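Structural overview
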Amino acid sequence: MDLSELKQDLEDSYQVGFNIKGVPTDFTVTLVGSSKDKFKIVGKVKDNIRLNIVAEPERYGANFLRLINYSDRVKRTNFISLMKEITNGDTKLMINNVKLDESQFLEDSTDWNKFEIKYTKIPYSDEGLLKRTVNLICGMMLSLIDYSIEGAEEGKQYNVRVNKYERNPINRKICLDNKGYKCCICGFDFEKIYGEIGKNTIEVHHTTPVSQMGDGYIVKPLEDLVPVCSNCHTIIHKRKEPYTIEEVKSMLEKAKGEQL
């Protein structure tokens, strides 16, 4: 596996910089700008048949432990959603050197002095599996900390909070991994129309009106987010209180009826 491809895949998925050091059989992934709230992922391939991946806080990562220790149930649910996507191999969540199952992790309130994700695959021969697993484990770690990519359309203050949730790469990934890349309104498929260059191209819309979001609102990506094409997304936000998915679908159906 070309480590530059892994780096590009991670940066495309999560919109932050990554450092990758080592060789394809022994490498370390870290976020750009190492600090106390960061983590590392170490991948090793032994004898060309055994794949081991370990994710844990970086050295002196007390702040990272604090952030995940106080992560809320929604963030932990997102963490579990990503872990469930790792379908091959053995994935273990280790806290204080004890393996926790999903329900224990969601409810656990003890102090975490040590946190690890351990993944093992024997026999191993699929480089695509390695890249996908590292990507998912990276998302699991990011899902537990205060991490988002914010942005807003200039002059449209009401979109600030919406765009914060729509552009959070963790929420986006969970939504699209489960709902796909076709527009939920018109069915437009970028890859089908444009080929390889359109692969994985789609926008994500938050269906909860801004008026219903408090300052402590936490997105639920499987419930709140839907994939939409850029045309439908533009129409949704044509008024201050965005049109609903159903309203835009009705516009399309009416237009199609008038053309018959």
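Remember, predicted model here, so these are calculated numbers, not experimental data.

Our next topic: the sheet that holds strand 2 (residues 26–31). Taken in spatial order, the 7 strands of this open sheet run 1-2-3-4-7-5-6, and their pairing is antiparallel. Of all strands in the sheet, those bounded by a partner on one side alone are strand 1 (18–23) and strand 6 (98–100). Pairs of neighbouring strands in the sheet enclose a mean axial angle of 20 degrees, with direction left out of account. In the sheet, strand 4 (residues 50–57) pairs with strand 7 (residues 115–121) via 5 bridges, with the strands oriented antiparallel. By the bridge assignment for strand 7, Ala-55 is matched with Ile-117.

What follows concerns the nonpolar core. Generally speaking, a soluble globular protein has its nonpolar side chains buried in company with each other. Ranked by size, the top nonpolar core spans 47 residues in total, and within it Phe-79 and Phe-115 carry the most contacts. A total of 9 residues in this core trace back to one element, the largest contributor, which is helix 5 (residues 127–143). Excluding its chain neighbours within four sequence positions, the residues that come into contact with Phe-115 are Ala-55, Glu-56, Pro-57, Leu-65, Ile-68, Phe-79, Leu-93, Met-94, Ile-95, Phe-105, Met-141 and Leu-144. Core analysis: the next-biggest nonpolar cluster, separate from the first, contains 16 residues, Val-204, Val-219, Leu-225 and Val-226 among them.

Judged by side-chain polarity, Ile-193, Tyr-194 and Ile-197 come together as a nonpolar surface patch covering roughly 380 Å² of accessible area. Structurally, the position occupied by Ile-197 is in the loop between helix 8 (190–194) and strand 8 (203–206). Taking the relative accessible area as the measure of exposure, Ile-197 reaches 74% and is therefore exposed.

What follows deals with the packing of helix 3 (residues 73–84) against helix 5. Look at helix 3 against helix 5: their axes get within 8 Å of each other, and the N-to-C directions meet at 175 degrees. The orientation of helix 3 relative to helix 5 falls into the category roughly antiparallel. Residues Lys-75, Asn-78, Phe-79, Leu-82 and Met-83 of helix 3 pack against Leu-136, Gly-139, Met-140 and Ser-143 of helix 5. Per-class residue counts for the contact of helix 3 with helix 5 are 5 nonpolar, 3 polar and 1 charged.

Time to look at the pairing of strand 7. Pairing geometry for strand 5 (residues 90–95) and strand 7, over 6 bridges, is antiparallel. For Ile-95, the partnering residue across the bridge sits in strand 7 and is Phe-115.

Another aspect to go through is the packing of helix 5 against helix 7 (residues 169–179). In contact at an axis separation of 10 Å, helix 5 and helix 7 are set at 130 degrees when each is read in the N-to-C sense. One element, helix 5, and the other, helix 7, form an angle in the oblique class. Handedness of the crossing formed by helix 5 with helix 7: left-handed. Residues Asn-135, Leu-136, Gly-139, Leu-142 and Ser-143 of helix 5 touch helix 7, and the partners they reach there are Ile-170, Lys-173 and Asp-177. Class assignment of the residues belonging to the contact of helix 5 with helix 7 gives a composition of 3 nonpolar, 3 polar and 2 charged.

Conventions used here
Residues numbered from 1 in each chain as written. Predicted model: local features only at pLDDT ≥ 70, side-chain atom pairs only at ≥ 80, totals over all residues. Heavy atoms only, no water. Pairing = 2+ DSSP bridges. Helix = DSSP H or I, 4+ residues; strand = E, 2+ residues; numbered from the N terminus. Axes fitted to C-alpha atoms, helices over the stretch in contact; angles between N-to-C directions. Core = buried A, V, L, I, M, F, W, Y, C linked by side-chain atoms within 4.5 Å. Buried < 20%, exposed > 50% of the residue type's maximum accessible area, 1.4 Å probe, protein only. Contact = heavy atoms within 4.5 Å. Patch = residues over 30% accessible without salt bridge, like charges linked within 9 Å, V, L, I, M, F, W, Y side chains within 5 Å. Areas by Shrake-Rupley, 256 points an atom, 1.4 Å probe, with all protein chains shown as cover. Salt bridge = Lys/Arg side-chain N within 4 Å of Asp/Glu carboxyl O. Parallel < 35°, antiparallel > 145°, perpendicular 65-115°, else oblique. Nonpolar A, V, L, I, M, F, W, Y, C, P; charged D, E, K, R; others polar. Left-handed = near helix turned anticlockwise from the far one by under 90°.

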